[in-house]
Amino acid sequence: MNAPVTLSSAIEPIPEAHTIPLDQLDVSDPRLLEQNIWPEYFKRLRDESPIHYLPDSPFGAYWSITRFEDIKFVDSNWKLFSSEPVIVIGDRPEEMALDMFIAMDPPKHDQQRKAVQSVVAPANLAQMEDLIRQRVGSILDGLPIGETFNWVEHVSVELTSQMLATLFGFPLEERHKLIYWSDMATAVPEMTGGICDPEERMNAMGDCARRFSELWHQRAAERADGLPPGFDLIHLLQSNEDTKDLIERPKEFLGNLILLIVGGNDTTRNSISGGVHALNQFPAEYDKLRNNHDLIPNMVSEIIRWQTPLAHMRRVATEDVDMHGHTIRKGDKVVMWYLSGNRDERVIDQADQFLIDRANARQHLAFGFGIHRCMGNRLAEMQLRILWEEIMQRFHWIEVVGEPSYVRSNFVKGFTSLPVRIHPK
Amino acid sequence: MPQITFIEFSDISHCVEAETGKSLMQAAVDNGIPGIDADCGGSCACGTCHVIIDEAWRARLPEPEEDEVAMIDMNPEPQPGSRLSCQLCVTEDLNGLVVRLPEFQM
């Protein structure tokens, strides 16, 4: 068993990366992201120990893969590197032993993913575009002008929760439950170094399963009554041969719902916040954007690279694998640090600069590579594109007026608050 | 050099001379064909260089490897003739090849 992870939320100072012996450098410390001091740690690993083994950490022994091309190699080789049983660095407590396709290998992964991926098929995305634009517009039009507010709460969370509710066919007035359940699922201390109370989490997972069971039965009854099917996820699951009786496999039912809620929540939410933050850190880029709105699609890719809202994915070696002279043993945990690969100077020119007109901006790691590549990537890009198109219609400047605060986690790279003030056009 | 025709989803057609030994994806990128994203740079890891091979040509191309099949399988709208252009090598035998681009890269 691993050592218990401390739950203290006080800001504890941690040493600078260059003062730590290389063989003790632990990038799983969730305070690196919380205190926004991760870049120096990962740069050190990229430069000095790109295939790095740490025999002991609160999350057990693990290998860190930190360069772009090495991450791509691991991510693309599902036969050498299994996604089972879980894709975050820490092992899961018993009550989180859910079955989700992101943490399955073929062929089961393929069956389950196929059942849901049509929710993000082109025809569905086209149907959603107008709705997203309308919702973005009404959120932006409701923002206070000339006073300081938290962008995370008023825009990032609000927009993401509305979109998730739409995708799931979940009652809009209950949308904040989706965010709450997602936060509970990702903040498990022993899995990601987050902070949450086990009992509260257990209750939240129970509520989530119950509410979605009700919705499942309600949808089934509506269809039995001859009501036309929607395009939402529950309908898709019910229409697919492999998943039509998913409800009878509760761990898989809840697991895949949680997966899709988390997949659409932290990612989009933190990219929405990260874009505003980055444009304020790089004012010349904001000027480029003001002068040329056609840069928005390229900027969206750059925002996603810059933010990399999910910091890592974990694999387990299925046989001994040699990488740059290091032997990763069968059964070893291998962590691909996407946030580091996306700052790898070997592949990305001026990787520490946020450049909205960057060439090859699409060639980033944030969606992962291989069979587990993000399913919602096009939806995410569409949401961000529409958001920035509508922002630029309305506002001259979303000014960041104070220090942001960040999520404590080694998995979710995100903001808890971002104080801003809006300057209209 | 073999001539290859790329037809966009909107039916706009581009006939290009492709360099042998490079991938079909590279031929598209080198010639500025819109609609090929190639997010992973050509290593069969993202699925965003998806093309649909004209029926007459399907049997004349080498069978896809397992990795390519797996990536195409992840596309919500695979079609008969769907291939990843990064996995097809341009040879003289491909002179006259016609491929269509999907509505979106996924």
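Computed from a predicted model, the values in this text were never measured in an experiment.

S.K.: Quick question: what am I supposed to make of the overall build of chain A here?
M.R.: In terms of helices and strands, chain A carries 15 helices and 12 strands. Its C-alpha atoms give chain A a radius of gyration of 21 Å, within 12% of the compact-globule value 22 Å for 425 residues. C-alpha atoms of chain A, sized along the principal axes, occupy 65 × 55 × 40 Å. Expressed as a percentage of the 425 residues in chain A, the buried residues total 60%. The long-range fraction of contacts in chain A, counting pairs at least 24 apart against all pairs at least 6 apart in sequence, stands at 72%.

S.K.: What is the right way to look at the overall build of chain B in this model?
M.R.: In terms of regular secondary structure, chain B is built from three helices and five strands. Traced from its N-terminal end to its C-terminal end, chain B shows the element sequence β-β-α-β-α-α-β-β. Relative to the 2.2 N^0.38 estimate, which gives 13 Å for 106 residues, the radius of gyration of chain B is 12 Å and therefore close to what a compact globule would have. Each of the three principal axes of chain B carries a C-alpha extent, and together these read 35 × 30 × 25 Å.

S.K.: Mind showing me how you'd approach the interface of chain A and chain B here?
M.R.: Think of interface size as the accessible area that goes away when the parts come together; that is how it is often given. Between chain A and chain B, the contact holds 20 residues from the first and 21 residues from the second. Regarding the contact of chain A and chain B, the summed buried area is about 1800 Å², with carbon and sulfur atoms giving 53% of it. One salt bridge in this structure joins Arg362(A) and Asp39(B), with 2.7 Å as the shortest N-O distance. Joining chain A to chain B, the criterion identifies 14 residue pairs in polar contact (both at pLDDT 80 or more). Elements with a contribution of two residues or more to the side of chain A that touches chain B: α3 (68–76), α4 (108–117), α5 (122–141) and α15 (377–394) of chain A.

S.K.: Got a minute to help me understand the sheet that holds strand β1 (residues 51–54) of chain A in this structure?
M.R.: The strands making up a sheet are joined through hydrogen bonds of the backbone, oriented either antiparallel or parallel. Residue and element names in this part refer to chain A. An order of β1-β2-β8-β5-β3 is seen for the five strands of this open sheet, with the pairing classed as mixed. In this open sheet, the two strands that pair with only one neighbour each are β1 and β3 (81–82). Summarising the sheet, strand β5 (residues 312–317) and strand β8 (residues 333–337) pair through five bridges and their orientation is antiparallel. Along β8, the bridge assignment pairs Arg314 with Val335.

S.K.: Would you take a moment to explain the sheet that holds strand β4 (residues 149–150) of chain A for this structure?
M.R.: All names here are of chain A. Judged by pairing direction, the sheet is antiparallel, and its three strands sit side by side in the order β4-β12-β9 without closing on themselves. If you trace the sheet from one side to the other, it starts and ends with β4 and β9 (395–400), each paired once. In terms of strand pairing, β9 meets strand β12 (residues 419–424) through five bridges, oriented antiparallel. Looking across to β12, one finds that Phe395 is bridged to Pro424. Together, β9 and β12 form the strand contacts of helix α11 (residues 250–281), whose direction differs from that of β9 by roughly 90°.

S.K.: Looking at this structure, how should I read the side chain of Arg83(B)?
M.R.: Residues and elements named next belong to chain B. Tracing the backbone shows Arg83 in strand β4 (residues 82–84). Among the polar contacts made by the side chain of Arg83, one reaches the side chain of Glu68 at a distance of 2.7 Å. Aside from chain neighbours lying at most four places away, what touches Arg83 is Cys49, His50, Val51, Ile53, Leu61, Pro62, Glu63, Pro64, Glu68, Ile72 and Leu88.

S.K.: Just checking my understanding: could you explain the pattern of salt bridges for this structure?
M.R.: Side chains that differ in sign of charge can pair as their charged atoms come close. Under the criterion given, the structure shown has 51 salt bridges over all chains. Between Arg305(A) and Glu302(A) there is a salt bridge, with the nearest N and O atoms lying 2.9 Å from each other. Note that Arg305(A) and Glu302(A) are positioned in helix α13 (residues 296–307) at a spacing of three residues, about one turn of the helix. Comparing Arg305(A) with Glu302(A), the two get one shared label, buried. A salt bridge links Arg100(B) to Asp11(B); the shortest N-O distance between them is 3.4 Å. Note that Arg100(B) is positioned in strand β5 (residues 97–100) and Asp11(B) in the loop between β1 (3–7) and β2 (13–17), a separation of 89 residues in sequence. Given a relative accessible area of 37%, Arg100(B) falls into the partly exposed group.

S.K.: Please explain the packing of aromatic side chains as it appears in this structure.
M.R.: Two numbers describe a pair of aromatic rings. These are the distance of the centres and the angle of the planes. A complete count under the given rule lists 14 aromatic pairs over all chains for this structure. Taken together, the aromatic side chains of Phe168(A), Phe170(A), Trp181(A) and Phe212(A) make up a single cluster linked through ring pairs.

S.K.: So what exactly am I meant to see when it comes to the environment of Thr148(A) here?
M.R.: Residue and element names in this part refer to chain A. Mapped onto the secondary structure, Thr148 falls in the loop between α5 and β4. For Thr148, a relative accessible area of 40% translates into the label partly exposed. With 20 residues separating them along the chain, Thr148 and Phe168 place their C-alpha atoms 33 Å apart. With sequence-adjacent residues up to four places away left out, Thr148 is seen in contact with Val401, Pro419, Val420 and Arg421. Only 3.0 Å separates the side chain of Thr148 from the side chain of Arg421, close enough to count as a polar contact.

S.K.: Can you help me understand the nonpolar core in this one?
M.R.: All names here are of chain A. Of all hydrophobic cores here, the largest spans 122 residues; its most connected members are Trp151, Phe168, Phe212 and Trp388. At 12 residues, α11 tops the list of elements feeding residues into this core. If near-sequence neighbours (up to four positions away) are discounted, Trp151 is found in contact with Leu140, Leu143, Ser156, Ile272, Ser273, Val276, Ile391, Ile398, Leu418 and Val420.

S.K.: So what exactly am I meant to see when it comes to unusual backbone geometry here?
M.R.: A negative phi holds for most residues other than glycine; trans holds for most peptide bonds. Here the residue pair Glu84(A) and Pro85(A) is connected by a cis peptide bond, since its omega of 0° sits within 30 degrees of zero. Within the element layout of this structure, Pro85(A) appears in the loop between β3 and α4. Positive phi, normally seen in glycine, also occurs at Ala38(B), with a value near 55°. For Ala38(B), the position within the fold is in the loop between α1 (24–30) and β3 (50–53).

S.K.: Any chance you could explain the side chain of Ser83(A) here in plain terms?
M.R.: Residues and elements named next belong to chain A. The residue Ser83 is located in the loop between β3 and α4 in this model. When its relative accessible area of 1% is taken as the criterion, Ser83 is described as buried. Polar side-chain contacts of Ser83 include one of 3.4 Å to the side chain of Arg315. Apart from residues lying up to four places away in sequence, Ser83 is in contact with Ile102, Ala103, Met104, Asp105, Arg315 and His372.

S.K.: Would you mind going over the environment of His324(A) with me for this structure?
M.R.: Residues and elements named next belong to chain A. Within the fold, His324 resides in the loop between β6 (321–323) and β7 (326–328). His324 sits 254 residues away from Asp70 along the chain, and the two C-alpha atoms are 9.4 Å apart. Not counting residues up to four positions away in its chain, the partners in contact with His324 are Ile51 and Asp70.

Each value, and the rule that gives it
Residues numbered from 1 in each chain as written. Chains lettered and ligands numbered in written order. Predicted model: local features only at pLDDT ≥ 70, side-chain atom pairs only at ≥ 80, totals over all residues. Heavy atoms only, no water. Helix = DSSP H or I, 4+ residues; strand = E, 2+ residues; numbered from the N terminus. Rg over C-alpha atoms; globule rule 2.2 N^0.38 Å. Buried < 20%, exposed > 50% of the residue type's maximum accessible area, 1.4 Å probe, protein only. Contact = heavy atoms within 4.5 Å. Buried area = accessible area lost by both parts, 1.4 Å probe. Salt bridge = Lys/Arg side-chain N within 4 Å of Asp/Glu carboxyl O. Polar contact = N/O pair within 3.5 Å; in protein donor to acceptor, adjacent residues only side chain to side chain. Pairing = 2+ DSSP bridges. Axes fitted to C-alpha atoms, helices over the stretch in contact; angles between N-to-C directions. Phe/Tyr/Trp six-rings, centres within 6.5 Å; stacked < 30°, edge-to-face > 60°. Core = buried A, V, L, I, M, F, W, Y, C linked by side-chain atoms within 4.5 Å.

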